[in-house]
Amino acid sequence: MQFFKTPNIDFLRYKIPAFALSGILILAGLANIIIGKGLNFGVDFSGGALIHLMFRDTIPVDQIRASLRDIDLGGSTIQEVDRSGKEYIIRTQLQSDLENEDAELEAHELMGIRIIETLRSPEEAENRARGLRDLNEIDEKSLVLLLESGFPEDAGRLARGIIAYRVKNHIIGDYGELTAAGTDPEAVDILRNTTYLGSLAVLSKETVGPQVGADLRRKALQATLWALVGMLAYIAVRFKLAYGVASVMTLGHDVLITLSIFSFTSREINLPVIAALLTIVGYSLNDTIVIFDRVRDNIKLMRRTPLESILNSSINQTLSRSIITSGTVLLTVVALYLFGGEVINDFAFVMIIGVISGTYSTIYQSCPIVYFWHKIFKTRQGFRK
């Protein structure tokens, strides 16, 4: 499939304006990062607590924020996982002057517990005072002890079935659900008398200390740099050093453009974002290699043709392939962005920027850099391999 039968677009004619546009975007982004708003690092990198909750009833974000504001945590990030209004991820950071790492980590853990207790309904404290257990929180061993009074031989099987149902549905909303799921009605009656249904279930709770956050930030930077170094070595061996340098500069361009847009939009940088950045590095390199492969072939076939014309011809010959590949990937990540939910939204956003930036930079950055390398070092013969 081809969009253009015989494209003959002079892409390199616009190399200087393209360099200027990229330079302005990157410099503006770096200025905003260094002396402006900076980057908004998430809990993964700056330390804090991340709590994944499922509520028994629908609860609006504003109500959660109002409850957190009462304990001076109104600035927490509240992410709705789906559109049911029941499942949320809460990220929060604690501003403290504690110098001891263990003390600060303990403070973060206490903060997580405080958030959970704040969001529970007031009736739960009364139920706990009456000696009832929360069926949405109780462990299997304790549940077996409760059921043994009526089912001494079968308590274990019943408890495992109830726990499995809770894990599958995240939360038990009504005792009738257990009966409908096949639990013995007499066992459900025992649970009605010895337990209560808590207003929320904690699906996961993570606490990251400041030192761990700093380590993760350092390792994420190392992973990105080592990926670039590895690709420089690979391209230099497969092609020539000029191609390797052009590829790495192009990949660096894509990463910096993405970080610049993140700094302007104040989006949070977390581990999924780093994973998306590394995915962009691999995707953009694949597109660049296709064009460089064609350049290498054309240099052998078009010996008397100026390098600029060879680069233009190579881009035009691979244009349909670039449009089809980038277009299908872009459609996929746009669908993820629109319908994938909040959890994967940041990942999809990075991918959208990366696909657009990667396609643009392959045409307007990598080939012009090779062209200027040739102009500066006069190494056209060295491009053949």
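Definitions and limits used
- Per-chain numbering applies: the sequence of each chain, read as written, is numbered from 1 onward.
- Only residues with pLDDT of at least 70 get local features here, since the model is predicted, and only at 80 or more are side-chain atom pairs given and counted; chain-wide, interface and lining totals rely on the full set of residues.
- Where side-chain values are given, they derive from all heavy atoms of the structure, hydrogens and water being excluded.
- Secondary structure is summarised from DSSP: a helix means a run of H or I of at least four residues, a strand means a run of E of at least two, and numbering begins at the N terminus for each.
- Classification of residues uses two cut-offs on accessible area relative to the type maximum, computed with a 1.4 Å probe and protein chains only: under 20% is buried, over 50% is exposed, and between them is partly exposed.
- Helix axes use the C-alpha atoms of the stretch in contact, all axes being lines fitted to C-alpha atoms, and the angles between their N-to-C directions lie in the range 0 to 180 degrees.
- Just so you know how the angles are binned, under 35 degrees is roughly parallel, over 145 roughly antiparallel, 65 to 115 roughly perpendicular, and the rest oblique.
- Each crossing gets its handedness from the near helix: less than a right angle anticlockwise from the far helix is left-handed, clockwise is right-handed.
- A contact between two residues is defined here by any heavy atoms of the two lying within 4.5 Å.
- Here the term charged refers only to Asp, Glu, Lys and Arg, the term nonpolar to Ala, Val, Leu, Ile, Met, Phe, Trp, Tyr, Cys and Pro, and the term polar to all other amino acids, Gly among them.
- When DSSP finds two or more bridges between a pair of strands, those strands are recorded as paired.

(A) Structural view of unusual backbone geometry. One non-glycine residue, Asp72, lies in positive phi territory at about 60°. Within the element layout of this structure, Asp72 appears in the loop between helix H3 (61–69) and strand S3 (77–80). A positive phi angle, close to 70°, is found at His170, a residue other than glycine. Positionally, His170 belongs in the loop between helix H7 (155–169) and helix H8 (175–180). Looking at His170, the relative accessible area reads 32%, which means it is partly exposed.

(B) Structural view of the packing of helix H6 (residues 140–147) against H7. Packing of H6 against H7 brings their axes to within 9 Å, and their N-to-C directions diverge by 130°. It follows that H6 is oblique to H7 by the angle criterion. When you trace H6 past H7, the crossing you get is right-handed. Along its contact with H6, which presents Glu140, Leu143, Val144 and Leu147, the element H7 presents Ala155, Gly156, Leu158, Ala159, Arg160, Ile162 and Ile163. Taken together, the residues that form the contact of H6 with H7 break down as eight nonpolar, one polar and two charged.

(C) Layout of the pairing of strand S4 (residues 87–92). Most of S4 is tucked away: six of the six residues are buried. Where burial is concerned, the two faces of S4 agree: the one with Glu87, Ile89 and Arg91 and the one with Tyr88, Ile90 and Thr92 are both buried. Sheet analysis places strand S2 (residues 48–55) next to S4, joined by six bridges and oriented antiparallel. Counted as the bridge partner of Met54 is Glu87 from S4. Of the strand pairs in this sheet, S3 and S4 are connected by four bridges, and their pairing is antiparallel. Bridging from a neighbouring strand, Glu80 pairs with Tyr88 of S4. Here S3 folds back onto S4, and the loop between the two strands holds six residues, one of which, Gly85, carries a positive phi near 75°.

None of the figures reported here should be taken as evidence of function without further support.
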